[in-house]
Protein chains: 4
Amino acid sequence: MQFASDNTSHAHPKIMEALVAANTGFAPAYGTDKWTAALEERLRDLFAAPEARVFPMTSGTATNAALLAAMSPPWGVIYCHETAHIEVDERGAATFYAGGAKLKPLAASDSRIDGAALKSAIAADAAGHGVHAMPPAAISVTNITEFGERYSIDHLAALRAVSDLPVHMDGARFANAVASGTDSPAQIVEGLGALSLGATKNGALTAEAAVLFDPELIERFDSHRMRGGQNLSKARFVSAQMLAWLEDDLWLDLASHSNAMAARLARGMQERGDASLAYSVDGNMVFATLPRAAHARAYAKGATYHLWGVDTALDGDPETPLLARFVASWSTSEADVDALLAAFDR
Amino acid sequence: MQFASDNTSHAHPKIMEALVAANTGFAPAYGTDKWTAALEERLRDLFAAPEARVFPMTSGTATNAALLAAMSPPWGVIYCHETAHIEVDERGAATFYAGGAKLKPLAASDSRIDGAALKSAIAADAAGHGVHAMPPAAISVTNITEFGERYSIDHLAALRAVSDLPVHMDGARFANAVASGTDSPAQIVEGLGALSLGATKNGALTAEAAVLFDPELIERFDSHRMRGGQNLSKARFVSAQMLAWLEDDLWLDLASHSNAMAARLARGMQERGDASLAYSVDGNMVFATLPRAAHARAYAKGATYHLWGVDTALDGDPETPLLARFVASWSTSEADVDALLAAFDR
Amino acid sequence: MQFASDNTSHAHPKIMEALVAANTGFAPAYGTDKWTAALEERLRDLFAAPEARVFPMTSGTATNAALLAAMSPPWGVIYCHETAHIEVDERGAATFYAGGAKLKPLAASDSRIDGAALKSAIAADAAGHGVHAMPPAAISVTNITEFGERYSIDHLAALRAVSDLPVHMDGARFANAVASGTDSPAQIVEGLGALSLGATKNGALTAEAAVLFDPELIERFDSHRMRGGQNLSKARFVSAQMLAWLEDDLWLDLASHSNAMAARLARGMQERGDASLAYSVDGNMVFATLPRAAHARAYAKGATYHLWGVDTALDGDPETPLLARFVASWSTSEADVDALLAAFDR
Amino acid sequence: MQFASDNTSHAHPKIMEALVAANTGFAPAYGTDKWTAALEERLRDLFAAPEARVFPMTSGTATNAALLAAMSPPWGVIYCHETAHIEVDERGAATFYAGGAKLKPLAASDSRIDGAALKSAIAADAAGHGVHAMPPAAISVTNITEFGERYSIDHLAALRAVSDLPVHMDGARFANAVASGTDSPAQIVEGLGALSLGATKNGALTAEAAVLFDPELIERFDSHRMRGGQNLSKARFVSAQMLAWLEDDLWLDLASHSNAMAARLARGMQERGDASLAYSVDGNMVFATLPRAAHARAYAKGATYHLWGVDTALDGDPETPLLARFVASWSTSEADVDALLAAFDR
């Protein structure tokens, strides 16, 4: 009953096999190896972006931060949802890399950026007092979001249409977004300046890729990445993971599975009388409220997941509904889901 | 009819006289002169803070930034009102000096920080994911606010009671706050970690003071100030201005006058059928909406002030109410106010 | 006997008069006033640079830092002499503003940058390991230097010829450089990207100007300046000082006088048996070694100046030669110089 | 004939086996797993430092940078050798993380920091002009150095004795230092504040560890690490590598082997008439000059290594001696060395 995060899972055997296979002989360092070259080709094809540049990374936080620092001057405003990982869970990495830029968190009725709110925020900043104000610089969207919701391509197009600002996508769970809908990867990234593509949460050991669609970002990104200590010498071991992850659509199979496990859990929740889903379940995450007592029972039986809010005490009024996050991974089984659902019961 | 800002006024003659008087012979540099020593003594008395340290400054922005950088680590959260000067009008100076700290702007029903909103924001950040989150670090209040409202000492006490975080006060218009109420300066600064005390907007040429009540801030403040290029060699010329400003309560006389001019303007507005005050008028600023046509007429007659919003066009529907800011200074006369009021008329 | 620094002097009466004269009525803020416009025109003429942009400043440190941050990316190398003010006396302001750029201090046989050493350093950095290294970004020369030596225009041309890097001049004592030679201001600044022009050390209260010859630097400079808290609201009070300073060549008269006082002091030193000049005396500063006992006598008689080295103890072997810096200002008199020379004697 | 770097080698099979073995089931994220706990215990034993804290990392650059940023304020001076990786090859990562601190590179007769030069540099900075100067903050030594030389423990003790400053060791090739001498790991790290311990260059895929001996550094280090994007979710995959690397002294066996290969190469060089060693060969690196023609022949035969200097052209005067770096790895064979030596010949 491990639902704490998709990053607690081990790696898929095929990815480990690829790692073992790549572990032979000498290879040039710092991404000049053949695996990295192949990965770039593969992702150019996938995204129908023949000019895109690809950099293997080991950290989603650093990928986000170095890309956003390439997109914004130190005095720029970067718009994101108020629940974005860059805003909430990266201890200010983006503003650190960007030299003091501002993240402007936007509220919305769900976990996706609202186009009208974005437009209004950009207009307000653009109307600021010249050099006294921080000018609009970039937009960052998370897909699927931190609360498991997917952006439609119409929604993304609408956000792009709001302004001429470059758009970054935090794709820590990009695979789950692709697997949950019918849009192609190329459709989803259309018009983006850059993508943080994550495999770590979806079957890899430690593998991310920075995908730069806008070639003007490269020099600045590369500099920020280097200064962040993210230019790995043995890059082949990251690229080999991602190649195996992409091969024969393994990444989509794994994401489809974790999505299905979350859907199964969500259905189980809905069938209960005491649970309530807080967000739509498009990907591999379920956010739901259950009575405190149900959480206490599940915890007592060894279930692992995070209560998600200011009140996370297991002792207290047993009826109070507490929000929790449940994350399914590629290695979550139907039995795991069913055991969790049963664990809430008396 | 100059109501663009209190920083467009010239300096009061007594302050200029003091500057001339200080311009004699040699004096040690970098704040080791006798004027600066006397200023420190004077402000210690004023604030009943015998341990306070005082640093002469020429920039309110830099004073705010260096003080906040002394109060927050690079990964800390600094809470302020969403209209605070540090958030809106300093191009990110505070986060620049602080190495990437986050300003968290708080919404409220008026231009003062709401205690409940502050409490909630701090609690949410304190409940963040350990090292992944940015921890609460400091609070900055502006008194009088950017929209001309004064904090009561009860309100300030309530904000301090929310947490143990150090509190900074942006006192660019501190004199207007003192002059508009009955609380003593010492009462207003009670419990503060530091104060940015501004004289430039109230009769000086270019004079601010950083007042540090918490001695632990000194080394970091002094370092940030130096690196910001704010350690003036000929500091006597700033300190002499402030001494004259404080002498015989000139500062309060000037602030009382500018407050009175704003009050006169506010009364005139209220007597009109077409104007509406947007904020309470505690100090020297009036925010009011008037029909676009009234603004157009005043502008045509040479009135100078800022329309305050996204829509600042003088041509368009003549009836649309547009918000504007009117700032009175120590040198604004009753005739100026009356002329402005008349200028709105057909 | 005040020779501690030229920044301990008061301001010249004509500059104070101009300040008083500027103190009338309202003026637009943040450098949009008529004094600042006139200053820009005046400096464009002086430097034969019709496109130059001029920004009034109150701090030489901040002027240097914001200009260099406009010239170098956060990962660039800025070359300077190992005794440069930016390297030694600004607590890292330039690297702070520039987001972590590197100052590379160059050794030389005197206090001026050696062309061969500069060429070699740039070549070494340019040969660095691609993105792993910090690339050459800019050059900063100080004229006159921190040790009172002037660059010839041939020397400056030779430094420019070393590379295509933009060149910044720290002109905290630019007037002394002009006054000590026959080159015109326009000849001295030929080919520069930007100049920090200082008046504070030469008769003003607090007045510097950032002069940008390269228009591409403006947006970045203006942003860095604003974030540094250096965009003064009442800029007229700086610009008015500089206008008076420039009028009728007052600036050169003052610099010629302080240069002459330094020359008189240097001659006096040379006539002594116990003193030795450490640098050529082109401007208003004398660096000389005298026996410890001579220093002790002068200090005992109230002379004020700085011993310049690690050993600054007045008690110890009386014969040990100790280096000291003596700075003459516009207000230093011949009698002051003669009194100092006499004070060294038994 | 792969001598470009030890980071071009693949990983040792035992380390890969350990990685495969760790790839089972769920594990808590962000270093709270059992492998990381075991690694901390193992390194505490190794270094006889029962209070030490250990953080798994994937980047030596980031490890260095986050540790040094924990040791120095943004305005501090960090002393290192002029050839240190942090100075030459990390694009300013340390100053970036530290918010603008200064690296002060020290020259020496070899690649190790000279105690007298260090003492002199610290004294000069400590004698700086108070808040105008950057104060001494920390010392970083690289062991073995970037040029393959080992510090004796007496040398290290002498450097520590120079001041009270905290000392950091860049141990990217720490194993080579241990393997080349008779001092224990605990002796080598005695008195250090922190160690960057590298396994990547010595048999791992991607594995470093930050070892903090001074517990006061932890909060700041952890914050800088997080903001740098170096807090890996699946940390077990790093810790498992390092555990296997340490087990049964594999790390020392691998380092002893690569050291032996370098020694073999050095002997071969010495037996030639045309080669000259530039540094003592204590570890796995050989720096030697050979005639340009010898290099051209070796390159033509497929040898891979780096020419190390400004002149790296293979065409030109065939007799000119050119410096080159040759790095042996754990997977370098005697045959490789002999082939390289032969490749220089006609």
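Since the model is a prediction, treat every value here as computed from it, not as a measurement.

A.B. asks: Can you lay out the packing of helix α3 (residues 60–71) of chain C against helix α10 (residues 218–227) of chain C for me, pointing to particular residues and giving the numbers?
C.D. replies: All names here are of chain C. The interhelical angle for the contact between α3 and α10, taken along N-to-C directions, is 140°, at an axis separation of 8 Å. In terms of axis orientation, α3 runs oblique to α10. The chirality of how α3 crosses α10 is right-handed. Between α3, through A66, L67, A69 and A70, and α10, the contact on the second element is made entirely by R220, F221, H224 and R225. Among the residues making up the contact of α3 with α10, the classes are represented as five nonpolar, one polar and two charged.

A.B. asks: Lay out helix α11 (residues 236–246) of chain C in plain terms, naming residues and giving numbers.
C.D. replies: Summarising burial for α11 of chain C: 10 of the 11 residues are buried, a large majority. At the exit of α11 of chain C stands D248 of chain C, carrying a positive phi of roughly 50°.

A.B. asks: Mind laying out the interface of chain D and chain A, listing which residues take part and the relevant values?
C.D. replies: Taken together, the contact pairs 47 residues of chain D with 47 residues of chain A. Counting each side, the surface lost to burial between chain D and chain A is near 4,000 Å², with a carbon and sulfur contribution of 58%. Of all residues in chain D, F26, F96 and K234 of chain D give up the largest surface area on contact with chain A, accounting jointly for 20% of the area buried on that side. Scanning the region where chain D abuts chain A turns up zero salt bridges. Listing elements by their share of the side of chain D that touches chain A, those giving two or more residues are α1 (13–22), α3 (60–71), α5 (93–97), α10 (218–227) and α11 (236–246) of chain D. A per-class count over the side of chain D that touches chain A returns 18 nonpolar, 22 polar and seven charged.

A.B. asks: So what's going on with the relation of the copies chain A and chain C? Which residues, and what values?
C.D. replies: Between the two copies of the chain lies a relationship made up of a rotation around an axis and a movement along it. For the pair chain A and chain C, the relating rotation is 180°, the translation along its axis is 0.0 Å, and the fit reaches an RMSD of 0.0 Å. Here the copies are linked by what is in effect a two-fold axis. The C-alpha atom lying nearest the rotation axis in chain A is that of G99 of chain A; the distance is 3.1 Å. Comparing contact sets, 100% of the residues at the interface of chain A also lie at the interface in chain C, consistent with an isologous, same-surface contact.

A.B. asks: Can you break down the sheet that holds strand β8 (residues 276–277) of chain B residue by residue, with the values?
C.D. replies: All names here are of chain B. Ordered by their spatial adjacency, four strands build an open sheet running β8-β9-β11-β10, and the pairing between neighbours is antiparallel. Each edge of the open sheet is held by one strand with a lone partner, namely β8 and β10 (306–307). On top of the sheet, helix α13 (residues 292–300) reaches β9 (285–291), β10 and β11 (321–327); it is set at about 115° to β9, its chief contact.

A.B. asks: I'd love a proper account of the pattern of salt bridges, names of residues and values included.
C.D. replies: Applying the stated rule across the entire model yields 64 salt bridges over all chains. One salt bridge connects E334 of chain A with R264 of chain A, and the closest N-O pair in it is separated by 3.4 Å. A residue pair is termed long-range when its members are at least 10 positions apart, and E334 of chain A in helix α14 (residues 334–343) and R264 of chain A in helix α12 (residues 250–271) qualify at 70 residues. The class for E334 of chain A is partly exposed, based on a relative accessible area of 43%. Here R272 of chain B ties to D345 of chain B by a salt bridge, and the two come within 2.9 Å at their closest N and O atoms. On the criterion of sequence distance, the pair formed by R272 of chain B in the loop between α12 (250–271) and β8 and D345 of chain B in the segment after α14 (334–343) is long-range, its members being 73 residues apart. The class of R272 of chain B is buried, set by a relative accessible area of 15%. Accessibility expressed as a relative area gives 35% for D345 of chain B, which makes it partly exposed.

A.B. asks: Please provide a residue-by-residue account of the relation of the copies chain D and chain A, values included.
C.D. replies: Under the fitted operation, chain D is carried onto chain A by 0.0 Å of movement along the axis and a turn of 180°, and the coordinates agree to an RMSD of 0.0 Å. Most of the interface of chain D is mirrored in chain A: 100% of its interface residues are interface residues there too.

A.B. asks: Account for the interface of chain A and chain C, naming residues and giving values.
C.D. replies: Every contact between the two is made by 15 residues of chain A and, on the other side, 15 residues of chain C. Taken together, both faces of the contact between chain A and chain C bury some 1,300 Å²; the carbon and sulfur share is 64%. The interface formed by chain A and chain C holds six residue pairs in polar contact (both at pLDDT 80 or more) in total. Residue classes in the side of chain A that touches chain C are distributed as five nonpolar, six polar and four charged.

A.B. asks: So what's going on with the packing of helix α1 (residues 13–22) of chain B against helix α1 (residues 13–22) of chain C? Which residues, and what values?
C.D. replies: The description of two helices packed together rests on the angle between their axes and the distance between the axes. Two numbers describe how α1 of chain B lies on α1 of chain C: the axes approach to 11 Å, and their chain directions differ by 180°. Relative to α1 of chain C, α1 of chain B is oriented roughly antiparallel. Note on element contacts: α1 of chain C touches α1 of chain B through M16, L19 and V20 of chain C, opposite M16, L19 and V20 of chain B.

A.B. asks: Explain the pairing of strand β5 (residues 167–171) of chain B to me, and be specific about the residues and the numbers.
C.D. replies: Residue and element names in this part refer to chain B. Of all five residues in β5, five are buried, a share of seventy percent or more. Residues V167, M169 and G171 of β5 are buried on one face, and the alternating residues H168 and D170, pointing to the opposite face, are buried as well. The sheet contact formed by strand β4 (residues 136–142) and β5 spans four bridges and is parallel. For S140, the partnering residue across the bridge sits in β5 and is H168. Regarding the hand of the β-α-β motif, the stretch spanning β4, helix α7 (residues 153–161) and β5 is right-handed.

A.B. asks: Could you give an account of the sheet that holds strand β1 (residues 53–57) of chain A, naming the residues involved and the relevant values?
C.D. replies: All names here are of chain A. One open sheet holds the seven strands; their spatial order is β1-β7-β6-β5-β4-β2-β3, and the pairing between them is mixed. Of all the strands in the sheet, just β1 and β3 (102–106) have a single pairing partner and so form its edges. Adjacent strand axes in the sheet meet at a mean angle of 20°, parallel and antiparallel pairs treated alike. Inspection of the sheet shows β1 paired to strand β7 (residues 208–212) by five bridges, in the antiparallel sense. Bridge pairing links P56 to A209 in β7.

A.B. asks: Tell me about the environment of S111 of chain C, and please be specific about residues and values.
C.D. replies: Residue and element names in this part refer to chain C. With respect to the helices and strands, the residue S111 is situated in the loop between β3 (102–106) and α6 (115–126). Through-space distance from the C-alpha of S111 to that of L19 is 36 Å; in sequence the pair is 92 residues apart. Non-local contacts of S111, meaning those with residues more than four positions away in its chain, are made with H81, T83, T145, F147, E149 and Y279. Side chain to side chain, S111 and T145 meet in a polar contact 2.6 Å long. Among the polar contacts listed, one links the side chain of S111 to the side chain of E149, at a separation of 2.5 Å.

A.B. asks: Describe the nonpolar core, and please don't skip the residues or the numbers.
C.D. replies: Core analysis: the largest hydrophobic core is formed by 112 residues, its most contacted members being F47 of chain B together with F47 of chain C. If we skip the residues at most four places from it in the chain, F47 of chain B touches F174, P185, A186, V189, L195, L197, V211 and F213 of chain B. Counting residues in each nonpolar core, the second largest holds 111 residues, with L46, A175 and L192 of chain A together with F47 of chain D among its members.

Procedures and definitions
- Residues numbered from 1 in each chain as written.
- Chains lettered and ligands numbered in written order.
- Predicted model: local features only at pLDDT ≥ 70, side-chain atom pairs only at ≥ 80, totals over all residues.
- Heavy atoms only, no water.
- Axes fitted to C-alpha atoms, helices over the stretch in contact; angles between N-to-C directions.
- Helix = DSSP H or I, 4+ residues; strand = E, 2+ residues; numbered from the N terminus.
- Parallel < 35°, antiparallel > 145°, perpendicular 65-115°, else oblique.
- Left-handed = near helix turned anticlockwise from the far one by under 90°.
- Contact = heavy atoms within 4.5 Å.
- Nonpolar A, V, L, I, M, F, W, Y, C, P; charged D, E, K, R; others polar.
- Buried < 20%, exposed > 50% of the residue type's maximum accessible area, 1.4 Å probe, protein only.
- Buried area = accessible area lost by both parts, 1.4 Å probe.
- Salt bridge = Lys/Arg side-chain N within 4 Å of Asp/Glu carboxyl O.
- Least-squares fit on C-alpha atoms with pLDDT ≥ 70 in both.
- Pairing = 2+ DSSP bridges.
- Polar contact = N/O pair within 3.5 Å; in protein donor to acceptor, adjacent residues only side chain to side chain.
- Right-handed = clockwise from strand over helix to strand, strands pointing away.
- Core = buried A, V, L, I, M, F, W, Y, C linked by side-chain atoms within 4.5 Å.

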